[in-house]
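Close look at the chain arrangement
Each chain is listed here by its residues.
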Amino acid sequence: MSSDNLYNPSQEFFVDMQRCIGCRACELACAECETNGQESMIHVNYVDRAHTIQTTVQVCMHCDDPVCAIVCPADAISKDEYGIVHSANTERCIGCSNCVQACPFGVPKKEESYDLMMKCNMCYDRTSIGKKPMCATVCPSGALYFGTREEITEMRPRSTPVNSFIFGEETVSTKVFIMMPKGSKELKVF
Amino acid sequence: MIQFVKNLNGKALLTAFAVTFLMLILIFLGSRNLQNFDAALITYLFGTIFAVFGITYRYTVWLQRPPTWMYFKRGFQIFLKGKIFSHLWFVSKQAVLNIGFQKFVYPRGKFRWLAHFFIAFGCVTAFAITIPLTFGWVHFVFAPGSFEIYEAHFFGFKVIEFNLGSITAFMTFHALNWSSYLVILGSLYYLRRRLTQPGVIATQNFESDLLPLILLIIISVTGLGLTYSYQFMKGFAFDFLAVTHAISVIIFLIWIPFGKFFHIIQRPAQIGALIYKKEGEEMGKAVCPHTGKEFDTKLHIDDLKIVTKELGFNFEKADGSSYLDLSPEGKRSTLAKAHLDARLKDGNLFG
């Protein structure tokens, strides 16, 4: 990536999906990200539409050991020195969707017309020059927050950022945090 | 050094040696025991031999990765099972559309597609001309008893003949120049894009994205320069251009296995992914237990369970149920529900 990088590692991403109000401002903001080519990469969906109007929001969690990159048959996905897992390399991706189905957070999207996987790369055009990701700058309810650990601790005194998730026998650790009840160590998903 | 040798992949090394050896035999046969071999092209020959060795080595290492091997294996199993002519038609059609015309680039941008097509067509025609020339497989001679008619021979056999001074002769002798113009136009478009678009600037790096374009431009400009030098400038700077052209081409060849140009070799795997998807759809769809909707082929999900386990990921519970049976939307909702449960257990929805 660009050598004159100003990525600020003290700023981290914190997600609290219970705060998502389904306004989809993040979707519109995401489409402004220059690295996506005006495609929105963030996911907002109803959790269980038959029973509740609750929505959930999902950005790429940027796994420490990204399964999307490891199951890619074309070596198209890479993780950089800051822990950002980048969208598929356009010349390598063969559009097989292995990453789409293997990601435990349901993040990568297959853009059929491009025959290409695309995903959130934490607005690398912005974060690499010290700015915040688009979605986090527009979220009105605090479901998406990008800032320092001190800031989030002060704002959410009853919560703990957690980045360890259990899926069956697998424990996945991530760069992005989910805000959990105070004292939580992990989130058992499945 | 010892560590480097230890890290080499035995299977890939053997395959690379075998393919290179086979190529050397074909060079020997195709050039009629080297009698048609053009000694002036010897440096290009060494570059090509190294490129073939490196490409085969990397390709074989790449194939051994569990997800790649799964697609490679399944691709051939599907292709050879049953309707072979139908598969052959599908693969040929997709190869022309996706590899020949790179149709998937078109929706990303019309000019992007045109520029990519120019580069791809220019490079492929240049390979098709220069590799047989370098190997001595193609050579030109006067027709017996004539100084007007020129013959092109392939593997020592006459293929076509044409009059010197004809349009065919002009187009044939300048074929590499047409390739160069196409490559220069396409590369300049991409260079401009890479120097002006903020999203691309943020994620690119010099050696992977800019250097290949610069190299293509150097190769094409010096190649064109050779023609211009002897036709219009009385041979001015011919030696300099010839040496610069040779060095840049050899760097290009040697770099194919390591850099961006490897996608030329890797890309046909896309056809395997397409036939895998098409046949998988006929075998049955996977239905997400959360959304109740079809979301992928069952073949793909079942294979992915095998591949993820081979790679050391286990998304199964002790009862045998797998998290991979959920669609991406199902996974996101399951995560949100688990998060809600944790919040409810704590007694506060918001912290």
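Sequence order as written defines the numbering, with residues in each chain counted from 1. To read the labels, note that chains go from A and ligands from 1, taken in the order they are written. In view of the model being predicted, local features appear only for residues whose pLDDT reaches at least 70, and side-chain atom pairs are presented and counted only at 80 or more, with totals across whole chains, interfaces and linings using the full set of residues. The basis for every side-chain value is the complete set of heavy atoms in the structure, and neither hydrogens nor water enter the calculation.

1. Observations regarding the packing of aromatic side chains
Each Phe, Tyr or Trp ring (for Trp, its six-membered ring) is paired with any other whose centre lies within 6.5 Å, and the angle between the two planes then decides the class: stacked below 30 degrees, edge-to-face above 60, tilted in between. If you walk through the whole model with that rule in mind, you get 37 aromatic pairs over all chains. Residues Phe315 of chain B and Tyr323 of chain B carry aromatic rings whose centres are separated by 6.5 Å and whose planes lie at 40° to one another, so their mutual orientation is tilted. Exposed residues in this analysis have more than 50% of their type's maximum accessible area, buried residues have under 20%, and partly exposed residues fall in between, with area computed by a 1.4 Å probe over protein chains only. In this structure Phe315 of chain B comes out as buried when scored by relative accessible area, which is 3%. For Tyr323 of chain B, a relative accessible area of 0% puts it in the buried group. One aromatic cluster is present, built from ring pairs that chain together Phe105, Phe165, Phe167 and Phe190 of chain A together with Phe313, Phe315 and Tyr323 of chain B. Comment: the charge-over-ring label is applied if NZ (Lys) or CZ (Arg) is within 6 Å of the ring centre and within 35 degrees of the ring normal. Arg149 of chain A extends its terminal NZ or CZ atom over the ring of Phe177 of chain A, reaching a point 4.5 Å from the ring centre. Lying across the ring of Phe157 of chain B, Arg32 of chain B places its NZ or CZ 4.8 Å from the centre.

2. Let's talk about the interface of chain A and chain B
Here a residue-residue contact requires only that any non-hydrogen atoms of the pair lie within 4.5 Å. Of the residues lining the interface, 66 residues belong to chain A; the matching set on chain B comes to 63 residues. In this description, buried area is defined as the sum, over both parts, of the accessible area (probe of 1.4 Å) that is lost when the two are combined. Three residues stand out in chain A for area buried against chain B, namely Gln18, Gln101 and Phe190 of chain A, and they jointly supply 14% of the buried area on that side. The term salt bridge refers to a side-chain nitrogen of Lys or Arg lying within 4 Å of a carboxyl oxygen of Asp or Glu. Where chain A touches chain B, the interface holds 4 salt bridges. Close ionic contact of Glu91 of chain A with Lys260 of chain B constitutes a salt bridge, the shortest N to O distance being 3.4 Å. Polar contacts, as used here, are pairs of N or O atoms within 3.5 Å; protein pairs need one atom able to donate a hydrogen and one able to accept it. Residues neighboring in sequence count only if both atoms are side-chain atoms. Inspection of the region where chain A meets chain B yields 34 residue pairs in polar contact (both at pLDDT 80 or more). Counting residues per element, the ones that place at least two in the side of chain A that touches chain B are strand 2 (43-46), strand 3 (55-58), helix 2 (67-70), helix 3 (98-102), helix 4 (124-127), strand 7 (159-167), strand 8 (170-181) and strand 9 (187-188) of chain A. The numbering of helices and of strands both runs from the N terminus, where a helix is a DSSP run of H or I of at least 4 residues and a strand a run of E of at least 2. Broken down by element, the side of chain A that touches chain B gets its largest block of residues, 6 residues, from strand 8 of chain A. Across the side of chain A that touches chain B, the residue classes tally to 32 nonpolar, 18 polar and 16 charged. Each residue is assigned to one of three groups, with Ala, Val, Leu, Ile, Met, Phe, Trp, Tyr, Cys and Pro labelled nonpolar, Asp, Glu, Lys and Arg labelled charged, and all others, Gly among them, labelled polar.

3. Some details on the sheet that holds strand 3 (residues 157-163) of chain B
Residue and element names in this part refer to chain B. At least two bridges found by DSSP between two strands are what make those strands a pair. Strand order in the open sheet made by the 3 strands is 1-2-3, with antiparallel pairing throughout. With one partner strand each, in any of the chains shown, strand 1 (138-142) and strand 3 form the two edges of the open sheet. On average, each strand axis in the sheet is inclined to that of its neighbour by 25°, with strand direction left out of account. Pairing of strand 2 (residues 149-154) with strand 3 involves 6 bridges; the strand directions are antiparallel. Note that in strand 3 the partner of Glu151 across the bridge is Glu161. Angular values range over 0 to 180 degrees, each being the angle between N-to-C directions of two axes fitted as lines to C-alpha atoms, with helices fitted over their stretch in contact.

4. Looking at the side chain of Gln270 of chain B
Structurally, the position occupied by Gln270 of chain B is in helix 13 (residues 269-283). On the basis of relative accessible area, Gln270 of chain B is assigned to the buried category, the value being 0%. A polar atom in the side chain of Gln270 of chain B sits 2.7 Å from the side chain of Asp115 of chain A. Leaving out residues up to four positions away in the same chain, Gln270 of chain B has contacts with Ile94 and Asp115 of chain A together with Asn98, Ile99 and Phe104 of chain B.

5. Some remarks on the environment of Arg332 of chain B
Along the chain, the position of Arg332 of chain B falls in helix 15 (residues 328-346). With relative accessibility at 8%, the residue Arg332 of chain B sits in the buried group. Excluding residues that lie within four positions of it along the chain, Arg332 of chain B makes contacts with His43, Asn45, Thr56, Gln58, Phe105 and Gly106 of chain A. Here the side chain of Arg332 of chain B touches His43 of chain A through a polar contact of 3.2 Å, side chain to side chain.

6. Observations concerning the nonpolar core
A general feature of soluble globular proteins is that nonpolar side chains tend to end up buried together. Buried Ala, Val, Leu, Ile, Met, Phe, Trp, Tyr and Cys residues that are joined via side-chain atoms within 4.5 Å together make up what is termed a nonpolar core. Residues Phe13, Val57, Val59, Phe105 and Leu144 of chain A are the most contacted members of the largest nonpolar core, which totals 82 residues. In contact with Leu144 of chain A, other than residues within four places in its own chain, are Phe13, Phe14, Val15, Cys26, Ile42, Val57, Val59, Cys135, Ala136 and Cys139 of chain A.

7. Some points on the pattern of salt bridges
All names here are of chain B. According to the stated counting rule, one finds 21 salt bridges over all chains in the structure shown. A salt bridge links Lys158 to Glu161; the nearest nitrogen and oxygen atoms lie 3.0 Å apart. The partly exposed category is assigned to Lys158, whose relative accessible area is 45%. Taking the relative accessible area as the measure of exposure, Glu161 reaches 42% and is therefore partly exposed. A salt bridge links Asp325 to Lys305; the nearest nitrogen and oxygen atoms lie 2.8 Å apart. Here Asp325, found in the loop between helix 14 (298-310) and helix 15, pairs with Lys305, found in helix 14; they are 20 residues apart in sequence, far enough to count as distant.

8. Topic: unusual backbone geometry
One non-glycine residue, Asp115 of chain A, lies in positive phi territory at about 50°. Note on placement: Asp115 of chain A falls in the loop between strand 4 (109-111) and strand 5 (116-118).

9. Details of helix 5 (residues 84-100) of chain B
Residues and elements named next belong to chain B. Among all positions of helix 5, only His87, Phe90, Gln94 and Asn98 are buried. As for helix 5, its buried residues are in contact with helix 4 (66-80) and helix 13. One or two residues past the end of helix 5 sits Gln102, with phi positive at roughly 45°.

10. Brief notes about the packing of helix 8 (residues 175-196) of chain B against helix 10 (residues 206-232) of chain B
Residue and element names in this part refer to chain B. Close contact between helix 8 and helix 10 brings their axes to 9 Å; oriented N to C, the two are set at 150°. Judged by the inter-axis angle, helix 8 sits roughly antiparallel to helix 10. Here the hand of the crossing between helix 8 and helix 10 comes out left-handed. Each of Asn177, Ser180, Tyr181, Val183, Ile184, Ser187, Leu188, Tyr190, Leu191, Arg194 and Leu195 in helix 8 lies in contact with helix 10, whose residues at this interface are Asp209, Leu210, Leu213, Leu216, Ile217, Ser220, Val221, Gly223, Leu224, Thr227 and Tyr228. By residue class, the composition of the contact of helix 8 with helix 10 is 14 nonpolar, 6 polar and 2 charged. Angle categories are assigned with fixed cut-offs, so that under 35 degrees is roughly parallel, over 145 is roughly antiparallel, 65 to 115 is roughly perpendicular, and the rest are oblique. Left-handed describes a crossing whose near helix is turned anticlockwise from the far helix through less than a right angle; right-handed describes the clockwise counterpart.

11. A look at the state of the cysteines
Residues and elements named next belong to chain A. For the purposes of this analysis, a disulfide is any pair of cysteine sulfur atoms at a distance within 2.5 Å. By the definition in use, this model includes 0 disulfides over all chains. You can see Cys63 has no disulfide; the closest cysteine sulfur is in Cys103, sitting 6.2 Å from it. When its relative accessible area of 9% is taken as the criterion, Cys63 is described as buried. You can see Cys99 has no disulfide; the closest cysteine sulfur is in Cys96, sitting 6.2 Å from it.

Treat this as a map of the structure, not an account of what it does.
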